[in-house]
Amino acid sequence: MHFFDTCTEAIATCAETQTYSAAHLLNAEHTMDMHVHDCCEVYYSVSGGKKFLINNHPYTFESGDIFFINCGEKHHLLKADEGMHERYVINIHPNFIRNHSSAQTDLSFCFNSSKHPTGHKLSLSQKEQQRFLFLMHKLSSINSEDFGADIIEQLTFLELLVFFNELFSTGRYSVATTSLEKQYKKSSDIITYINQNLSSELSLSVLSKELSMSTSHLSRVFKEETGTTLQQYIAGQRITLAKT
């Protein structure tokens, strides 16, 4: 199985094939701005970390932490360590998940069955980290030209997907960090207002008036806390709304 070295390529491949893809990333890649896509995502930190924002909820994370992000959920790596930040990002199309689930085993459980609206993160034990890395290494080692390689790859990936759901079924997920939620409250309020008024005018002057913030402060706070501009975020959300 080929591992991409950019998230953009991996996301595009997952959407095109409607199956799955993976990227193995280092600090060399510029982190993406806040975004949504049509595939579910699993984000695993091999080394390094800092802060992650998912659906307006901030999380701290470090090595060995894993995130489960449903398709359509807004997410963004707010800050990474200045040193090495190695991670795996796995994209899985909902059609693939649906087609390989059974009456007994719902493979979408880890993405949409959280008992808490901000329960996206798990901290893996040493044994669980070793299991995850073993399966990723096995996938990356499969030679696509070998006889039966396609079947072995899919079976291994399904084993990985079952492993994800077994992890999430333990209920050990961590909720968003309260102190960080307070820190990012301004951008959260801005995002909430935008999402509730996507069909209305959302010019900078309108947002400034409705949120009682100066236009310059509004733009600066949003950019600093989310990593993207107001215009980019509004455009992206309207595109997502149009797709649904």
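Up top is the structure these notes are about.
These remarks concern the structure in this document.

### Some thoughts on the side chain of Ser 208
Its location among the elements puts Ser 208 in helix H8 (residues 204-211). Excluding residues within four positions of it along the chain, Ser 208 makes contact with Met 213, Ser 214, Thr 215 and Leu 218.

### Quick look at unusual backbone geometry
The phi dihedral of Gln 18 falls on the positive side, at around 55°, and the residue is not glycine. Along the chain, Gln 18 turns up in the loop between helix H1 (7-17) and strand E1 (20-25). The backbone phi angle of Ser 212 is positive, close to 55°, even though this residue is not glycine. Mapped onto the secondary structure, Ser 212 falls in the loop between H8 and helix H9 (215-226). Residue Ser 212 is classed as exposed on the basis of its relative accessible area of 66%.

### Points about the sheet that holds E1
Spatial strand order, E1-E7-E2-E5-E8: 5 strands in an open sheet with antiparallel pairing. With partners counted over all chains shown, the strands left at the sheet margins are E1 and strand E8 (121-123), one partner each. Averaged over all neighbouring strand pairs, the angle between strand axes comes to 15°, with direction disregarded. Sheet strands in contact with H1 are E1 and strand E7 (86-92), and its direction is about 175° off that of E1. Running over the sheet, helix H4 (residues 126-141) touches E1, strand E2 (40-47), E7 and E8 and is turned about 65° from E7.

### Things to note about the packing of H8 against H9
Close contact between H8 and H9 brings their axes to 9 Å; oriented N to C, the two are set at 95°. On the basis of the axis angle, H8 is roughly perpendicular to H9. Contact residues: Leu 204, Ser 205, Leu 207, Ser 208 and Leu 211 in H8; Thr 215, Leu 218 and Ser 219 in H9. Tallied by class, the residues present in the contact of H8 with H9 amount to 4 nonpolar, 4 polar and no charged.

About the thresholds
- Per chain, residues are indexed from 1 in the order of the written sequence.
- With the structure being a predicted model, the display of local features is reserved for residues of pLDDT at least 70 and the display and counting of side-chain atom pairs for 80 or more, all residues being used for whole-chain, interface and lining totals.
- The basis for every side-chain value is the complete set of heavy atoms in the structure, and neither hydrogens nor water enter the calculation.
- Helix and strand definitions follow DSSP, with helices as H or I runs of at least four residues and strands as E runs of at least two, each counted in order from the N terminus.
- The criterion used for residue contact is that any of the two residues' heavy atoms lie within 4.5 Å.
- Accessible area is worked out with a 1.4 Å probe on protein chains only. A residue is then buried under 20% of its type maximum, exposed over 50%, and partly exposed in between.
- Two strands qualify as a pair provided that DSSP identifies no fewer than 2 bridges between them.
- Fitted lines through C-alpha atoms give the axes, limited to the stretch in contact for helices. The angle between two N-to-C directions lies from 0 to 180 degrees.
- Working rule for angles: under 35 degrees goes down as roughly parallel, over 145 as roughly antiparallel, 65 to 115 as roughly perpendicular, anything else as oblique.
- Residue polarity follows a fixed list, in which Ala, Val, Leu, Ile, Met, Phe, Trp, Tyr, Cys and Pro are nonpolar, Asp, Glu, Lys and Arg are charged, and the others, Gly among them, are polar.

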